[in-house]
Amino acid sequence: MEYKNTADFARQQDQQDPLRKFRDQFHLPAKLHQDVIYFCGNSLGLQPKNLRAQVEKELQKWQDLAVEGHFLGDHPWMDYHKALKQPMTDIFGAKPNELTVMNSLTVNLHLLMATFYRPTATRYKIVMEAGAFPSDQYAMESQAKIHGFAYDDAVVEVSPRKGEHTLRTEDIVQTIENLGESVALVMFSGVNYYTGQVFDMDTITKAGHKVGAYVGFDLAHAAGNVALHLHDWNIDFAVWCTYKYLNSSPGGISGVFIHEKNATDTSLPRLAGWWGHNEDERFLMKKGFEAMPNVDGWQLSNAQVLLQAAHLASLQLFAQAGMPQLTAKSKKLTGYLEFVIREVCQNSHYPIEIITPTEARGCQLSLLVPQEGKKLFDYLHTHGVVGDWREPNSIRIAPVPLYNSFEDVYRFGQILKNGIQQG
Ligand SMILES: Cc1ncc(COP(=O)(O)O)c(C=O)c1O
């Protein structure tokens, strides 16, 4: 696509954008700045306008029916999670019996590791990316320790080559192959939070399975951002949060995928709770856990209905927009952002390095700026651009196809140019 760094070009693109009506379905945080440019959906998505009503519906039900709400009304709370399965299928490329929502992300990571990280004296290594989100690193560290292994011995991090910022798939595969049968679990993110690199989940999964390991992914930065085919890729399990691209409230409910080959295996060991027990007998209060024969067999506690209601509202927008349309727009919009940044930097001789790989990215671009770059970030922020700053010298910017426009990107470029000129 041929881009132009002009207001006319950006407006024309917005007019032709089949998803343009969705911007109006979100609350833009105008109190931050009257002309806010929100490029921070990689951290916290915007509030969908339909979300409040969906949550209020459940508050009303609680007011009107109290405990009977578990069994009465549109979505009885006992089964509330079931209403979310179908709308998630296209986003994750998975079947309804492989998808559920519960708890929060790090909790679910530990919960699923109780099943999928069961090390032995000879097979105990966890292969992960260097520079994974700290919570994932802490989770791996504590899991290794719980099982009596030293972190440095059990956890093998794959790093970028010298002078490179992102990982090569061949190096990930090679590491797994070299470690061979000592690998118990390959645990990667789908999209690295810092660099924005999308990992080749299909190839990584195949490599992990080849050495007999389980393979799991943290999809915090992938969910609702890039096309996923979790079932066909044969991934064992995945977890994610819903407060980023899925716009389902701060600290919102987390999602879980367990491939049906595992999910239907009720003999797999797990940390059990009553909501994972055979639902026909759940209220008989009997002794002896009997797992549901699908992903719901990993549920622990009764449904977090208000968070699930918020998620349901957001999922309805995804269903209307459709993942293929969203990813198509995302490619154009992020391509435009890259073009605008490069043009501004070229004309002003300002050295911004985009470290997110063009051929493996979602909507986020990670920019390395010179050391005094925090001043530039502060300038952007004062002029209405909400992105985020990572010490010591990086800015993450994410134009989200559901609610960002080409004009946002054009305006960002103008503010960036002015910020650079101000020095
Ligand atoms: C990749 C990744 N993993 C884990 C987390 C932690 O999520 P939570 O605080 O919801 O457990 C985050 C949060 O941003 C994340 O980006």
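Just so you know, these numbers come straight off a predicted model, no measurement behind them. (Residues numbered from 1 in each chain as written. Predicted model: local features only at pLDDT ≥ 70, side-chain atom pairs only at ≥ 80, totals over all residues. Heavy atoms only, no water.)

Colleague: Help me out: how do you make sense of the overall build of the chain in this one?
Modeller: Of regular secondary structure, the chain possesses 13 helices and 15 strands. The C-alpha radius of gyration computed for the chain amounts to 22 Å, which stays within 12% of the reference 22 Å derived for 423 residues, consistent with globular compactness. With the C-alpha coordinates of the chain rotated into their principal frame, the extents come out at 70 × 60 × 35 Å. The buried share of the chain, taken over its 423 residues, is 57%. Put simply, the chain shows about 18200 Å² of open surface, and 51% of that area lies on carbon and sulfur atoms. Counting 39 positive and 47 negative side-chain charges, the chain places the averaged centre of each group 3 Å from the other. (Helix = DSSP H or I, 4+ residues; strand = E, 2+ residues; numbered from the N terminus. Rg over C-alpha atoms; globule rule 2.2 N^0.38 Å. Buried < 20%, exposed > 50% of the residue type's maximum accessible area, 1.4 Å probe, protein only. Areas by Shrake-Rupley, 256 points an atom, 1.4 Å probe, with all protein chains shown as cover. Lys, Arg positive; Asp, Glu negative; His and termini not counted. Charge placed at Lys NZ, Arg CZ, Asp CG, Glu CD.)

Colleague: Would you explain the domain arrangement of the chain in this entry?
Modeller: By a widely used convention, the size of an interface equals the accessible area lost when the partners come together. Considered domain by domain, the chain is made up of domain 1 (7-47 + 322-422) and domain 2 (75-321). Of note, the centres of domain 1 and domain 2, computed from C-alpha atoms alone, are 29 Å apart. Facing the 33 residues of domain 1 at the interface are 26 residues of domain 2. Summed over both partners, the interface of domain 1 with domain 2 buries about 2400 Å², with 60% contributed by carbon and sulfur atoms. (Domains from an automatic or database assignment. Contact = heavy atoms within 4.5 Å. Buried area = accessible area lost by both parts, 1.4 Å probe.)

Colleague: Where do I start with the pairing of strand β15 (residues 394-397) in this structure?
Modeller: It is a general feature of regular strands that their side chains alternate between the two faces of the sheet. Going residue by residue along β15, you find S394 and R396 tucked away on one face and I395 and I397 tucked away on the opposite face as well. Note that strand β14 (residues 388-390) and β15 share three bridges and pair antiparallel. Following the sheet pairing, D388 is matched in β15 by R396. From the end of β14 to the start of β15, which pair antiparallel, there are three residues. (Pairing = 2+ DSSP bridges.)

Colleague: Could you clarify how one ought to interpret empty space enclosed by the protein in this entry?
Modeller: Left-over empty space is what a probe sized like a water molecule reveals as it rolls over the atoms. If you walk through the whole model with that rule in mind, you get one cavity of 30 Å³ or more. Quantified by volume, the largest cavity comes out at close to 50 Å³. Lining the largest cavity are G224, N225, Y245, F318, L326, C363, V400, P401 and L402. Of the residues assigned to the lining of the largest cavity, the class counts are seven nonpolar, two polar and no charged. (1 Å grid on protein atoms, 1.4 Å probe; cavity = no way out; pocket = protein on both sides within 12 Å on 5 of 7 lines; lining within 4 Å. Points joined across faces, edges and corners; volume = space filled by probe spheres on them. Nonpolar A, V, L, I, M, F, W, Y, C, P; charged D, E, K, R; others polar.)

Colleague: What exactly am I supposed to notice about the packing of aromatic side chains here?
Modeller: Two descriptors summarise a pair of aromatic rings, namely the distance from one centre to the other and the angle between the planes of the rings. One pass over the structure, following the stated rule, counts 20 aromatic pairs. Measuring from ring centre to ring centre gives 6.4 Å for Y38 and Y403, while their planes differ by 55°; the resulting arrangement is tilted. Placement of Y38 in strand β2 (residues 37-38) and of Y403 in the loop between β15 and α13 (406-422) is noted, with a sequence separation of 365 residues between them. Assessed through its relative accessible area of 8%, Y38 is described here as buried. Under the relative-accessibility criterion, Y403 is labelled buried at 1%. Look at F188 and F199: their rings are 5.2 Å apart centre to centre, the planes differ by 85°, and that puts the pair in the edge-to-face class. In this pair, F188 sits in strand β7 (residues 183-189) while F199 sits in the loop between β7 and α8 (201-210), placing the two residues eleven residues apart along the sequence. (Phe/Tyr/Trp six-rings, centres within 6.5 Å; stacked < 30°, edge-to-face > 60°.)

Colleague: Help me out: how do you make sense of the state of the cysteines in this one?
Modeller: What is meant by a disulfide is a covalent connection between two cysteines, made through their sulfur atoms. As enumerated under the stated definition, the model contains zero disulfides in all. As a non-bridged cysteine, C40 has C363 as the owner of its nearest cysteine sulfur, 11 Å distant. C345 carries a free sulfur, and the closest cysteine sulfur to it, the one in C363, is 19 Å from it. (Disulfide = S-S within 2.5 Å.)

Colleague: Got a minute to help me understand the site of the ligand in this structure?
Modeller: Neighbouring residues of the ligand: L105, T106, F133, D136, D218, A220, H221, Y243 and K244. Here an oxygen atom of the ligand sits 2.5 Å away from a polar atom, N or O, in the side chain of T106. Interatomic distance of 2.7 Å between a side-chain N/O atom of Y243 and an oxygen atom of the ligand. Protein chains shield 82% of the accessible area of the ligand, which is 400 Å² for the free molecule. (Near = heavy atom within 4 Å. Polar contact = N/O pair within 3.5 Å; in protein donor to acceptor, adjacent residues only side chain to side chain.)

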